[in-house]
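Residue-level structural notes
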Amino acid sequence: MTQVRTRFAPSPTGFIHLGNIRSALYPWAWARSQGGTFVLRIEDTDVERSSQAAVDVIIEGMKWLGLDHDEGPFYQMQRMARYKEVLAQLQQRGAVYPCYMSTTELDALRERQMAAKEKPRYDGTWRPEEGKVLPSVPEGVQPVLRFKTPQGGSVIWGDKVKGRIEISNDELDDLVIARPDGTPTYNFCVVVDDIDMAITHVIRGDDHVNNTPRQIHIFRALGVEPPVYAHLPTVLNEQGEKMSKRYGAKPVTQYREEGYLADAVVNYLARLGWSHGDDEIFSREQLVAWFNLDHLGRSAGQFDEAKLRWVNAQHMKSCDNAVLAGLVAEQLERRGLTVTVDERLAAMCALFKDRCSTTVELAEWLSIYFSDVQPSEADLAQHLNEVSRPALVALRERLAALTVWDAASINAAIKAVIGESKLKMPQLAIPLRVLVCGRAQTPSVDAVLALFDQKIVEKRLQSI
Ligand code: GLU
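The structure reproduced in this document is the subject of the present report. (Residues numbered from 1 in each chain as written. Predicted model: local features only at pLDDT ≥ 70, side-chain atom pairs only at ≥ 80, totals over all residues. Heavy atoms only, no water.)

Remarks on the pattern of salt bridges
The final tally for this structure, using the stated rule, is 29 salt bridges. With a shortest N-O distance of 3.0 Å, Asp206 and Lys162 are connected by a salt bridge. Placement of the pair is Asp206 in the loop between strand S9 (201–205) and helix H6 (212–221) and Lys162 in the loop between strand S6 (154–159) and strand S7 (163–168), with a sequence separation of 44 residues. On the basis of relative accessible area, Asp206 is assigned to the partly exposed category, the value being 23%. For Lys162, a relative accessible area of 28% puts it in the partly exposed group. (Salt bridge = Lys/Arg side-chain N within 4 Å of Asp/Glu carboxyl O. Helix = DSSP H or I, 4+ residues; strand = E, 2+ residues; numbered from the N terminus. Buried < 20%, exposed > 50% of the residue type's maximum accessible area, 1.4 Å probe, protein only.)

Set out below in structure tokens:
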């Protein structure tokens, strides 16, 4: 069997959002699942709109999500000489012809066709045919090159998402594949690249379905069998519109800033257009093991931030605490808190992660360890009273006297004070939390306290 080779071919004309990057995830997953090769190709021929900054964001987003490419990035603008070479081959084969029709003539043709309620299309004026006399070549006009689309018959391909697609050749006019200055046009470059990069599976957004019959013709004119196509349905935003920057889509990397784990985003995006039974939560390894092109969804996937948060929460639970510590340290740093990524930070993650959907929320919790806390007036008034105060003072003394500072010793001190004061656990534990953590609810208070420095706890209990 031939080695699977896939590609992601973004146009760097704006930041990359989740909808766009799903078109990288699927070819990546397919290549990885088949032990194949994943190529990154930057389609930057729209010089006006392309920018290096956009390329950087694409590469950064892919790196963050772990969508590593094996070859490239190849830049189309650097391949112009190659396109021209292949164009010359097509010319030699008689598969293209020069067309001198001016834009004014084309506009007039278009208007006539529209008036006659016909589909506007090039009418083949300059297409050479046996026995046909072509108009005389106008002076000083640089022609475009048009591709000689086969007449009659149709193009058929078995799309891995959409099933069998058949397009009648009569619907395709002769495509311009080189501009008057000789620069090749989009569909032609894509085909040359897909041939040179030996792409076996083109997995891309279904906004390209209309290009596919044209590209297949160019493949065949070059004597190459086209690859397998899978056209992925659009990703819709929460309002049901096509996800786009104009409708508030966020750059992929913003999800990192908002505290999402790369594996969770990969899991969420994989599920948004592909399924493995009813599995909702899976690891990157499982995705690679399970991914195939037979279970791609046919209908558009709709982005749902609440669902993404839920998927993220599940991944946080199973995430290695040392890894989480590294991620939460970045979030704490964003809040101006410098922390060391160590076992203590990992233990804090272990203790608090179950109640968080993102690492931003986790950092919010863990900030109680790295910055002063401000208990609310309402909490102080509610929980600090003449019943709890003496018990808290007694506890403060017991805690200060501890020589071993761990959850078990702290727990023993709390129990002893409960025993003496006859309070119920919450009557002591809640004001204790309010004073030390600035909030009335936390995980088990002895475990929470054990991760503080003993001196800090003492200090926070001074204001009783
Ligand atoms: N450059 C195209 C885009 O960003 C993708 C072309 C392709 O995958 O064939 O939409």
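The rest of the description comes next.
Digging into the site of the ligand
Looking at the ligand, the residues that line it are Arg7, Ala9, Pro10, Ser11, Glu43, Tyr186, Arg204 and His208. Contact between the ligand and Glu43: a nitrogen atom at 2.5 Å from a side-chain N or O atom of the residue. Between the ligand and Arg204 there is a distance of 2.8 Å, counted from an oxygen atom to a side-chain nitrogen or oxygen. Protein chains bury 81% of the 300 Å² of accessible surface belonging to the ligand in isolation. In a pocket analysis with a 2 Å cut-off to the grid points, the ligand is assigned to the largest pocket. The class makeup of the residues in the shell around the ligand is three nonpolar, two polar and three charged. (Near = heavy atom within 4 Å. Polar contact = N/O pair within 3.5 Å; in protein donor to acceptor, adjacent residues only side chain to side chain. Areas by Shrake-Rupley, 256 points an atom, 1.4 Å probe, with all protein chains shown as cover. 1 Å grid on protein atoms, 1.4 Å probe; cavity = no way out; pocket = protein on both sides within 12 Å on 5 of 7 lines; lining within 4 Å. Sits in = over half its atoms within 2 Å of the grid points. Nonpolar A, V, L, I, M, F, W, Y, C, P; charged D, E, K, R; others polar.)

Quick notes on the packing of aromatic side chains
If you walk through the whole model with that rule in mind, you get 13 aromatic pairs. Measuring from centroid to centroid gives 5.8 Å for Tyr268 and Phe303, while their planes differ by 85°, and the two rings are edge-to-face. Taken as a pair, Tyr268 in helix H8 (residues 262–271) and Phe303 in the loop between strand S12 (301–302) and helix H10 (305–318) lie far apart in primary sequence, 35 residues in all. Judged by its relative accessible area of 4%, Tyr268 falls in the buried class. Aromatic side chains Phe352 and Trp365 sit 5.4 Å apart centroid to centroid with 35° between the ring planes, which places their arrangement in the tilted category. Remark: Trp365 occurs in helix H13 (residues 359–370) and Phe352 occurs in helix H12 (residues 343–352); sequence separation between them is 13 residues. The class of Phe352 is buried, set by a relative accessible area of 0%. (Phe/Tyr/Trp six-rings, centres within 6.5 Å; stacked < 30°, edge-to-face > 60°.)

Quick look at the packing of helix H15 (residues 388–401) against helix H16 (residues 407–421)
Where H15 meets H16, the axes come as close as 9 Å, and the angle between the chain directions of the two elements is 145°. For the crossing formed where H15 meets H16, the hand is right-handed. Across from Ala391, Ala394, Leu395, Arg398 and Leu399 in H15, the residues of H16 making contact are Ile410, Ala413, Ile414, Ala416, Val417, Glu420 and Ser421. (Axes fitted to C-alpha atoms, helices over the stretch in contact; angles between N-to-C directions. Left-handed = near helix turned anticlockwise from the far one by under 90°. Contact = heavy atoms within 4.5 Å.)

A look at helix H3 (residues 80–92)
Look at H3: 19 Å from first C-alpha to last across 13 residues, which is about the 18 Å you get at 1.5 Å a residue. Taken together, the buried positions of H3 are occupied by Met80, Tyr83, Val86, Leu87 and Leu90. In an axial view of H3, the angular spread of the buried residues amounts to 125°, which keeps them on one side of the axis. Exposed residues lying more than 90 degrees from the buried face of H3 are Ala81 and Gln92. Contact partners of the buried residues in H3: strand S4 (96–99), strand S5 (144–147), strand S8 (176–178), helix H5 (186–196) and H6. Following H3 by one or two positions, Gly94 adopts a phi angle in the positive range, close to 75°. (Expected span 1.5 Å × (residues − 1). Arc of directions from axis to C-beta.)

Some points on the nonpolar core
The biggest cluster of nonpolar side chains holds 101 residues, and the ones touching the most others in it are Leu287, Leu366 and Leu399. In terms of residue count, helix H1 (residues 18–33) provides more of this core than any other element does, nine residues in total. Leu399 has contacts with Trp405, Ile410, Ala413, Leu449, Gln454, Val457 and Leu461, leaving out every residue within four places of it along the chain. Within the second largest apolar cluster, 31 residues are counted, among which are Met80, Leu87, Val192 and Ile216. (Core = buried A, V, L, I, M, F, W, Y, C linked by side-chain atoms within 4.5 Å.)

Description of the sheet that holds S5
Strand order across the open sheet formed by three strands is S4-S5-S8, with antiparallel pairing between neighbours. Single-partner strands in this sheet number two, and they are S4 and S8. Along the sheet, successive strands turn relative to each other by an average axial angle of 45°, direction set aside. Both S4 and S5 contribute to a ladder of four bridges, which runs antiparallel. (Pairing = 2+ DSSP bridges.)

A word on the environment of Val235
Residue placement: Val235 occurs in strand S11 (residues 235–236). Not counting the four nearest positions on each side in its chain, Val235 is found in contact with Gly19, Arg22, Glu241, Lys242, Met243, Leu272 and Gly301.

So, the layout of surface pockets
Space inside the largest pocket adds up to approximately 990 Å³. Lining the largest pocket are 33 residues, with His17, Asn20, Asp207, His208 and Lys242 positioned closest to its centre. Per element, the largest residue contribution to the lining of the largest pocket is four residues, and it comes from H1. A class-by-class count of the residues in the lining of the largest pocket yields twelve nonpolar, eleven polar and ten charged. (Points joined across faces, edges and corners; volume = space filled by probe spheres on them.)

Comments concerning the side chain of His231
By the secondary structure assignment, His231 is in strand S10 (residues 228–232). Of the residues examined, His231 reaches a relative accessible area of 0% and is grouped as buried. At a separation of 3.0 Å, a polar atom in the side chain of His231 contacts the side chain of Thr212. Excluding residues within four positions of it along the chain, His231 makes contact with Trp157, Asp159, Val161, Lys162, Arg204, Gly205, Asp206, His208, Val209 and Thr212.

Some words on helix H2 (residues 52–65)
With 14 residues, H2 ought to run about 20 Å at 1.5 Å a step, and its terminal C-alpha atoms sit 20 Å apart, in line with that. When we look at burial in H2, the residues that qualify are Ala54, Val55, Ile58, Gly61, Met62, Trp64 and Leu65. Note on H2: the residue one or two positions beyond its end, Gly66, has a positive phi of about 75°.

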